[in-house]
Amino acid sequence: MTRHLLIIGGQRCGTTLLYELLDDHPEITMARPRRPEPKVFLSDELSARGIAWYHSTFFGHATDEVV
């Protein structure tokens, strides 16, 4: 079973650093590319593509990470 995190923050508040620190951990994988990913939640067209599309687009690189 995997666990999921959603990082939310304002501009210049350290979210990029947090992303990089988490991505360096061997048991954590982060969405790639990082910047366009949140737009999925704002677009009816993109969210209608489904969870399989979301996973393959942003987490296709993931292997056996826990988070």
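Thresholds, definitions, all that
Residues numbered from 1 in each chain as written. Predicted model: local features only at pLDDT ≥ 70, side-chain atom pairs only at ≥ 80, totals over all residues. Heavy atoms only, no water. Phe/Tyr/Trp six-rings, centres within 6.5 Å; stacked < 30°, edge-to-face > 60°. Buried < 20%, exposed > 50% of the residue type's maximum accessible area, 1.4 Å probe, protein only. Helix = DSSP H or I, 4+ residues; strand = E, 2+ residues; numbered from the N terminus. Polar contact = N/O pair within 3.5 Å; in protein donor to acceptor, adjacent residues only side chain to side chain.

Colleague: Go over the packing of aromatic side chains with me, naming the residues and quoting the values.
Modeller: The description of an aromatic ring pair uses the distance of the two centres, along with the angle that the planes make with each other. For the structure on display, the rule yields four aromatic pairs. When the centroid spacing of 6.0 Å and the interplanar angle of 85° are considered together, the rings of tryptophan 53 and phenylalanine 58 count as edge-to-face. The partly exposed category is assigned to tryptophan 53, whose relative accessible area is 22%. Ring plane angle 50° and centroid distance 5.4 Å describe the contact between tyrosine 54 and phenylalanine 58, whose orientation is recorded as tilted. You can see tyrosine 54 and its partner phenylalanine 58 sitting in helix 3 (residues 51–59), four residues apart, about one turn around the helix. Taking the relative accessible area as the measure of exposure, tyrosine 54 reaches 16% and is therefore buried.

Colleague: How would you explain the side chain of serine 43 if you had to name every residue and give the values?
Modeller: When you line up the elements, serine 43 lands in the loop between helix 1 (15–24) and helix 2 (44–47). Classification of serine 43 as buried rests on a relative accessible area of 19%. A distance of 3.1 Å separates a polar atom in the side chain of serine 43 from the backbone nitrogen of leucine 46.

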